[in-house]
Amino acid sequence: MAANIIDATTAAPELSMTADDAAMIDHLPGEAATALARSLQRQERQVIARKVLSAARIGQTVFLDMLMSDTQINRHVDDGPDKAATGKVSTALGISVAQAKAWMMFSFLLSKLPTVTAAFLDGDHCLERIRIIADEIAILDDDDVRAFAETRALEIAAYNQADPTLREQVVEMVIALDPDGAADRREEAAERDQSVRVRRDTNGHCSISVYAPGEMGAHLAARIAQLLSERICARDPRRRGQQQVAAFADIQGLPGGRLSCQCGRDDCPKAIPLPEEPADLDPAVGLPDDVDAELAAQLEFPESDTSDDTDTDDEGESSDADVDPQLALELVVDPVGEREARLERYGVIDDAHAAALIRSGLVTVVEFPGLEVPHTGTTATTLQRLPAAWRRPDNPIPATPIDPTGHGGYLTPPKGALTYRIPAWLREKIIELDGTCRYPHCGRPASECEIDHVVKFVHRDPKTGGWTVEFNLMPLCTSCHQRKHMGLLIPTMLTDRAVIWRDPVTGETITTYPR
């Protein structure tokens, strides 16, 4: 959105709409090229909006004509008007029927969202971000609530986050505004859409598609990560994706599919020791023909125990003792109710879903952390916790830079501040506070990022550089971490953990926010 970039004063050069434009663009200086690209980007968004709505109007006209006509063909074709409408859009614009249907459905959602439609036509946001907003908030039944959600969703979309992060932030708002509806939609989706599909693919492979509860996917991801951590060393030559497929084969019990490291080293730290030879024979296997019968009669085998040792409660049902404590997923809850519950490796969920997971024993409940802001003369703030993205416009106190020295507002270094290595508890807190990589438009989960000092830590004299404290740390993925250290953008953290990134050449700024 234009408001997110300030001091952009360079005028965009005009295009002639001829083949000479390529030569002209090729000779533009950097700032002029930037101005031109931004101008064309907005025009492109405006054109795409009108194209999509016009395409939907083509289909709508055909659809209504078919409904009004009472022909024999129309009566004997299932969904005849719909098929006629999507077919007409497809042939008129040379696109697939699936694409035509998607545009028509998208246009139908926009018909309930006048504010979002206006922003779409004005070129404020690209098609994909408008689609994310429409998909998530058009389901709200109350007109006033939906109108409020439109405005807030467009404000959230201006936060320079990646598309998946935007979707999760809008979903969190919808759950908060309509918790009962969110629970109902989850149950309806289970009845309508849950499935497992295995499709034959090329090169001896297949595609596996599963629509299942979020906790199942989160648990599978955690189990795969656990297996790779336990059994694969850094020298394994396979790509990460290959390792994950091998772990999946192990989990589903594929014969011969036990995951093991392929580094080939005798001293591999993750090698699985060979099982010891059994001391006794298994009676189920049988004895060779040449074994002496008298010897066979002397062999003693313990009787098999067929009793069920599973712990039960008073009602005879299995307890949660079989849940692997190493695989208990974290369920993050906010004790003051500013944020919705968040399931590790999945995202935000409704309260009824969270309560069911707690009862199941699958999750470990932890509280969303509060902010630790030293209340000095320069950093005083009343913000104790980070609100959900959709609640941020309600915060009456504008955030200010926390501390340009990188000391996080402290006058004297607290314990551990002068040590470069970040303790595990502080790392986990930063991950939970920020959620994703803090570089503009990057959506890499914070758990997969490096924790970076906003102001550089000075090893030769730690007191003079940035300290290892909460308000001088942020998650950056490896690539963005390298971009930051190349000096492409200079970060400044605010008291609400927003980060202002400044271009040292142009002076332009762009702000990113915690998830």
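All residue numbers refer to position in the chain's written sequence, counted from 1. Reporting of local features is limited, given that this is a predicted model, to residues whose pLDDT is at least 70; pairs of side-chain atoms are given and counted only at 80 or more, and all residues count toward the totals for whole chains, interfaces and linings. Calculation of side-chain values draws on the structure's entire complement of heavy atoms; hydrogens and water are dropped beforehand.

Draft legend 1. Geometry of a nonpolar patch on the surface. Each patch is built from residues lacking any salt bridge and having more than 30% relative accessible area; the joining distance is 9 Å for like charges and 5 Å for nonpolar side chains (Val, Leu, Ile, Met, Phe, Trp, Tyr). Residue burial considers only the protein chains on display, and all accessible areas are found by Shrake-Rupley using a 1.4 Å probe. Salt bridge, as applied in this entry: a Lys or Arg side-chain nitrogen positioned within 4 Å of an Asp or Glu carboxyl oxygen. On the surface, a nonpolar cluster with roughly 380 Å² of combined accessible area is contributed by V196, V198, I208 and V210. Secondary structure elements with two or more residues in the nonpolar patch: β1 (195-200) and β2 (206-211). For helices the rule is a DSSP run of H or I covering at least 4 residues; for strands it is a run of E covering at least 2, with both sets numbered from the N terminus onward. Mapping V198 onto the fold places it in strand β1. Relative accessible area decides the class of each residue, using a 1.4 Å probe on protein chains only: under 20% of the type maximum gives buried, over 50% gives exposed, and in between gives partly exposed. The exposure class of V198 is exposed, given its relative accessible area of 58%.

Draft legend 2. Inspection of the packing of aromatic side chains at higher detail. Each aromatic pair joins two rings of Phe, Tyr and Trp (for Trp, the six-membered one) with centres within 6.5 Å, and gets the label stacked for planes under 30 degrees apart, edge-to-face for over 60, and tilted for any other angle. Scanning all chains against the criterion turns up 5 aromatic pairs. Judged by centre distance (6.3 Å) and plane angle (85 degrees), the rings of F148 and W390 are edge-to-face. Pair noted here: F148 is in helix α8 (residues 143-156) and W390 is in the loop between β6 (363-367) and α15 (424-434), with a separation of 242 residues, a long-range link. By relative accessible area, F148 is classed as partly exposed at 33%. For W390, a relative accessible area of 7% gives the class buried. Consider the rings of Y420 and F457, whose centres lie 5.4 Å apart with planes at 65 degrees: the pair is edge-to-face. Of this pair, Y420 sits in the loop between β6 and α15 while F457 is found in the loop between β7 (450-453) and β8 (473-476), placing the two residues 37 residues apart along the sequence. The exposure class assigned to F457 is buried, which follows from its relative accessible area of 6%. Charge over a ring is defined by NZ of Lys or CZ of Arg lying within 6 Å of the ring centre and within 35 degrees of the ring normal. If you follow R339 out to its NZ or CZ, it ends over the ring of F368, 4.5 Å from the centre. Positioned over the ring face of F471 is R497, at 5.6 Å from the centre of the ring.

Draft legend 3. Looking closely at the pairing of strand β3 (residues 329-333). Strands qualify as paired when DSSP identifies two bridges or more between them. The sheet contact formed by β3 and β6 spans 5 bridges and is parallel. Note that in β6 the partner of V332 across the bridge is V366. Direction of pairing for β3 relative to strand β4 (residues 342-343): antiparallel, over a ladder of 2 bridges. The residue bridging V332 from the neighbouring strand is R342, located in β4.

Draft legend 4. Examining the sheet that holds strand β11 (residues 509-512) more closely. Reading across the sheet, the 3 strands line up as β9-β10-β11 and stay open at both edges, with antiparallel pairing between neighbours. If you trace the sheet from one side to the other, it starts and ends with β9 (490-493) and β11, each paired once. Strand-to-strand twist in this sheet, taken as the mean axis angle between neighbours without regard to direction, amounts to 25 degrees. With 4 bridges connecting them, strand β10 (residues 499-502) and β11 associate as antiparallel partners. Residue pairing in the sheet places R502 in a bridge with T509 of β11. Between the N-to-C directions of two axes lies an angle of 0 to 180 degrees, each axis being a line fitted to C-alpha atoms and, for a helix, fitted only over the stretch in contact.

Draft legend 5. The sheet that holds β3, seen in detail. Read across the sheet, 4 strands follow the order β5-β4-β3-β6 without closing on themselves; strand pairing throughout is mixed. The open sheet has two edge strands, β5 (347-348) and β6, and neither has a second partner. The strands that helix α11 (residues 214-231) touches are β3 and β4; relative to β3, the one it contacts most, it runs at about 130 degrees. Should any heavy atoms of two residues lie within 4.5 Å, those residues are considered in contact. Taken strand by strand, helix α14 (residues 351-360) contacts β3, β4 and β6, and its axis lies near 125 degrees from that of β6.

Draft legend 6. Representation of unusual backbone geometry in the model. Of note, the phi angle at N160 is positive, near 60 degrees, even though the residue is not glycine. Secondary-structure assignment places N160 in the loop between α8 and α9 (163-177). Note on N160: relative accessible area 8%, which makes it buried. In this structure, R497 takes a positive phi of about 65 degrees despite not being glycine. As for its placement among the helices and strands, R497 is situated in the loop between β9 and β10.

Draft legend 7. Molecular detail of the pairing of β11. Burial along β11 is two-sided: T509 and T511 and I510 and T512, pointing in opposite directions, are all buried. Linking β10 back to β11 in an antiparallel pair, the connection comprises 6 residues, with G507 at a positive phi of about 80 degrees.

Draft legend 8. Structural detail: the nonpolar core. Buried Ala, Val, Leu, Ile, Met, Phe, Trp, Tyr and Cys residues form a nonpolar core when they are joined through side-chain atoms within 4.5 Å. Membership of the largest hydrophobic core comes to 36 residues, with the highest contact counts inside it found for F106, V116 and I137. At the level of secondary structure, the elements contributing two or more residues to this core comprise α2 (30-68), α4 (80-93), α5 (97-110), α6 (114-122), α7 (127-137), α8 and α9. Those residues in contact with F106 that sit more than four places away from it in its chain are V52, F120, L127, I130, R131 and A134. V373, Y439, M474 and M493 belong to the second-largest nonpolar core, a separate cluster that totals 22 residues.

Draft legend 9. Examining the packing of α9 against helix α10 (residues 179-193) more closely. Closest axis-to-axis distance for the α9/α10 pair is 5 Å, and the angle between their directions is 110 degrees. It follows that α9 is roughly perpendicular to α10 by the angle criterion. Contact with α9, carried on its side by V174, I175, A176 and L177, involves P179, A182 and R185 of α10 and no other residues of that element. Note on residue categories: nonpolar means Ala, Val, Leu, Ile, Met, Phe, Trp, Tyr, Cys or Pro, charged means Asp, Glu, Lys or Arg, and polar means any other residue, Gly included. Taken together, the residues of the contact of α9 with α10 sort by class into 6 nonpolar, no polar and 1 charged. For classification purposes, angles smaller than 35 degrees are called roughly parallel, those larger than 145 roughly antiparallel, those between 65 and 115 roughly perpendicular, and all remaining angles oblique.

Draft legend 10. Region of interest: helix α16 (residues 478-485). Within the span of α16, buried status applies to C480, H481 and K484. Buried positions in α16, seen along its axis, are confined to an arc of 105 degrees and lie on one side of it. Where the residues of α16 are buried, they touch β7, β8, β9 and β10. Backbone geometry just downstream of α16 places G487 in the positive-phi region, at approximately 80 degrees. By arc we mean the arc of the directions from the helix axis to the C-beta atoms, nothing more.

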